[in-house]
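These are the residues of each chain, in order.
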Amino acid sequence: MHFGINPALLCIFLQIVNINGHLSNLAWNGGPLHLQCERESDFWMRSGQYIKENVIAVKAIMHQDDVFVMTPRLKPGVLATFWLIVKDKSQVELQPYPELRDHSVGDCSAIQNAVDMYLDHLGKLWVLDSGIVDTVASPQCTCPPKVVLINLLLRKLVKRIDISSLLEATSLIQNIVVEYEFGKTFIYVSDASRGAILVHEVTSGASWSVVTCAPATGLQILLVKRPAHTVLILVRLHYQGIIELDTTALRRRDSLTPLTVFGEQSKPVVLLGADGFHVYLRHTECSDVLVWNTKDPYNSSRLDNIHSAGPRLTTTSVAAEPLKRILLILDTNYLDTLQGNSPTYHRITFVSKNN
Ligand SMILES: *[C@@H]1O[C@H](CO)[C@@H](O)[C@H](O)[C@H]1NC(C)=O
């Protein structure tokens, strides 16, 4: 049984959302497994390939009525890195998606470590696979880095794109976004170690990289719609300033295009997600989720607060379900659990979009 409702009930569902302002929230500890056969999870647990406490979700998305989470392989025992949320007797369980074998460590046709993902308007999910597992415990390169395409409508892994020729030995790839432009599909991946954006055009297979800023330990990117064009929003970890770059420059392989920088004197931010012309972010030291309507100039003291994670919790992602005008906000206590052994507490809050 999948989480959510029958499409026939969509109208009723929308009314419920409008009246109550949100769907009922989801909460769970660690990674409760949902497999076809009960005995299977005992097997995985005994063999050490599944350690519930180490399954830490950092990103949540919704497509039609399904909610999915991404759980990078930070520590051993993470059986899969992308899951469908299944509600079983009001309990939340995680089902490897599309299949358990699509996450098999050491099989280079499978996803080794999903570090980021981008859901496009066609129901295609672009997964950035670093090829390095157990990144917090003891990093191990198991396969070359790649982008994996999962078609959520077909419930299948449909494409694998090798991006190793774009990377250097020190590359630190972090985020992926995808833009459709003039009948072409462009993948943009951030590489923090070079302050670069790696570009890959899917149809022709051409790739190149564009240096956009100084190196950093983290480089987050988001795609935002401006009235006449699309821009990439970039944030360097622990640095002040939000960089805006016209994606035309990336497609022209042009490093010399002037950048726009916002909030150079304001507090550093962490990007959480984007939806059209809205950017969701938080100040590094604070847990409140803020929204910047990019039609207005950036002013860090004039951002609307849409959510507060609460004590010991951190928001790690905000994603929109455009048709239902809902935002999914994922909060966890992962900072605590990465240090200790307590299971990670996860909560997804559904917030209806007003504008
Ligand atoms: C930002 O907003 C604050 C509060 O409304 C205002 O005092 C300040 O002048 C604004 N800053 C800029 C650069 O517009």
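See the structure above.
The structure presented is a predicted model; accordingly, all values stated were derived computationally and were not measured.

Describe in detail the overall build of the chain, supporting the description with residues and values.
What the chain contains, in helices and strands, is four helices and 26 strands. In summary, the chain has a C-alpha radius of gyration of 20 Å against a globular reference of 20 Å for 355 residues, a match within 12%. For the chain, buried positions account for 54% of its 355 residues. Look at the contacts in the chain between residues 6 or more apart in sequence, and 48% of them connect residues 24 or more apart.

Break down the pairing of strand S22 (residues 288–293) for me, with residues and values.
The side chains of a regular strand alternate between the sheet's two faces. Relative to S22, strand S21 (residues 278–283) runs antiparallel, the two being bridged by four bridges. The residue of S22 that forms the bridge with histidine 278 is asparagine 293. Between S21 and S22, which pair antiparallel and follow one another directly, the connecting turn spans four residues. As paired strands, S22 and strand S23 (residues 304–308) are joined by four bridges and run antiparallel to one another. Residue pairing in the sheet places valine 291 in a bridge with aspartate 304 of S23.

Can you break down unusual backbone geometry residue by residue, with the values?
In the segment running from tyrosine 97 into proline 98, the intervening peptide bond is cis, with an omega of -10°. With respect to the helices and strands, proline 98 occurs in the loop between strand S5 (91–96) and strand S6 (114–119). The backbone of glutamine 64 sits at a positive phi, close to 50°, despite the residue not being glycine. For glutamine 64, a relative accessible area of 44% corresponds to the partly exposed category. The backbone of aspartate 134 sits at a positive phi, close to 50°, despite the residue not being glycine. Positionally, aspartate 134 belongs in the loop between strand S8 (132–133) and strand S9 (140–141). Looking at aspartate 134, the relative accessible area reads 11%, which means it is buried.

Please provide a residue-by-residue account of the side chain of threonine 316, values included.
For threonine 316, the location among the structural elements is in strand S24 (residues 314–321). Judged by relative accessible area, which is 18%, threonine 316 ranks as buried. Within the structure, threonine 316 has its side chain in polar contact with the backbone oxygen of valine 58 (distance 2.7 Å). Leaving out residues up to four positions away in the same chain, threonine 316 has contacts with Ala57, Val58, Lys59, Leu272, Leu330, Thr332 and Tyr334.

Hey, could you go over the site of the ligand for me, with residue numbers and the actual values?
As a structural note, the neighbourhood of the ligand is formed by Asn299, Ser301 and Arg302. At 2.3 Å from an oxygen atom of the ligand is found a side-chain nitrogen or oxygen belonging to asparagine 299. Protein coverage of the free-state accessible area of the ligand, which is 370 Å², stands at 28%.

I'd like to hear about the nonpolar core, residue by residue, with values.
Of all hydrophobic cores here, the largest spans 25 residues; its most connected members are Trp28, Val69, Ile85, Ile348 and Phe350. Among the secondary structure elements, those contributing two or more residues to this core are strand S1 (26–29), strand S2 (59–63), strand S3 (66–70), strand S4 (82–88), S5, strand S25 (326–332) and strand S26 (345–352). When residues in this core are grouped by element, the largest group, three residues, is from S25. Excluding its chain neighbours within four sequence positions, the residues that come into contact with tryptophan 28 are Ala57, Val69, Ile85, Val92, Leu94, Leu330, Thr344, Tyr345, His346 and Ile348. Core analysis: the next-biggest nonpolar cluster, separate from the first, contains 21 residues, Tyr97, Leu125, Val127 and Ile150 among them.

Describe the sheet that holds strand S10 (residues 146–151), listing the residues and the values that go with them.
Pairing is antiparallel across the open sheet formed by four strands, whose spatial order is S6-S7-S10-S11. What marks the edges here is a single partner per strand, and that holds for S6 and strand S11 (156–162). For this sheet, the mean inter-axis angle between neighbouring strands, taken without regard to orientation, is 20°. Here S10 pairs with S11 via six bridges, running antiparallel. Residue pairing for S11: leucine 149 is matched across the bridge by lysine 159.

Describe the environment of leucine 271, with residues and values.
Considering the arrangement of structural elements, one finds leucine 271 in strand S20 (residues 269–275). Sequence separation of leucine 271 and leucine 234 is 37 residues, and the distance between their C-alpha atoms is 8.6 Å. Beyond its immediate sequence surroundings of up to four residues, leucine 271 is in contact with Gln220, Ile221, Leu222, Ile233, Val235, Val279, Tyr280 and Leu281.

Explain the pattern of salt bridges residue by residue, including any values.
Within the structure shown, the criterion is met by 10 salt bridges. Here glutamate 244 makes a salt bridge to arginine 226, at a shortest N to O gap of 2.6 Å. Taken together, the positions of glutamate 244 in strand S18 (residues 242–246) and arginine 226 in the loop between strand S16 (219–225) and strand S17 (230–236) put the pair 18 residues apart, joining distant regions of the chain. Of the two residues, glutamate 244 and arginine 226, both sit in the buried class. Each of Glu168, Asp191 and Arg194 takes part in a single network of salt bridges with overlapping partners.

Give me the lowdown on the side chain of threonine 314, citing residues and values where you can.
In this fold, threonine 314 is placed in strand S24. Look at threonine 314 and you get buried, because its relative accessible area is 11%. Setting aside its immediate chain neighbours within four residues, threonine 314 contacts Arg282, Ala309, Leu330, Asp331, Thr332, Tyr334 and Leu335.

Here is what the cut-offs are and how they apply
- Residues numbered from 1 in each chain as written.
- Predicted model: local features only at pLDDT ≥ 70, side-chain atom pairs only at ≥ 80, totals over all residues.
- Heavy atoms only, no water.
- Helix = DSSP H or I, 4+ residues; strand = E, 2+ residues; numbered from the N terminus.
- Rg over C-alpha atoms; globule rule 2.2 N^0.38 Å.
- Buried < 20%, exposed > 50% of the residue type's maximum accessible area, 1.4 Å probe, protein only.
- Contact = heavy atoms within 4.5 Å.
- Pairing = 2+ DSSP bridges.
- Polar contact = N/O pair within 3.5 Å; in protein donor to acceptor, adjacent residues only side chain to side chain.
- Near = heavy atom within 4 Å.
- Areas by Shrake-Rupley, 256 points an atom, 1.4 Å probe, with all protein chains shown as cover.
- Core = buried A, V, L, I, M, F, W, Y, C linked by side-chain atoms within 4.5 Å.
- Axes fitted to C-alpha atoms, helices over the stretch in contact; angles between N-to-C directions.
- Salt bridge = Lys/Arg side-chain N within 4 Å of Asp/Glu carboxyl O.

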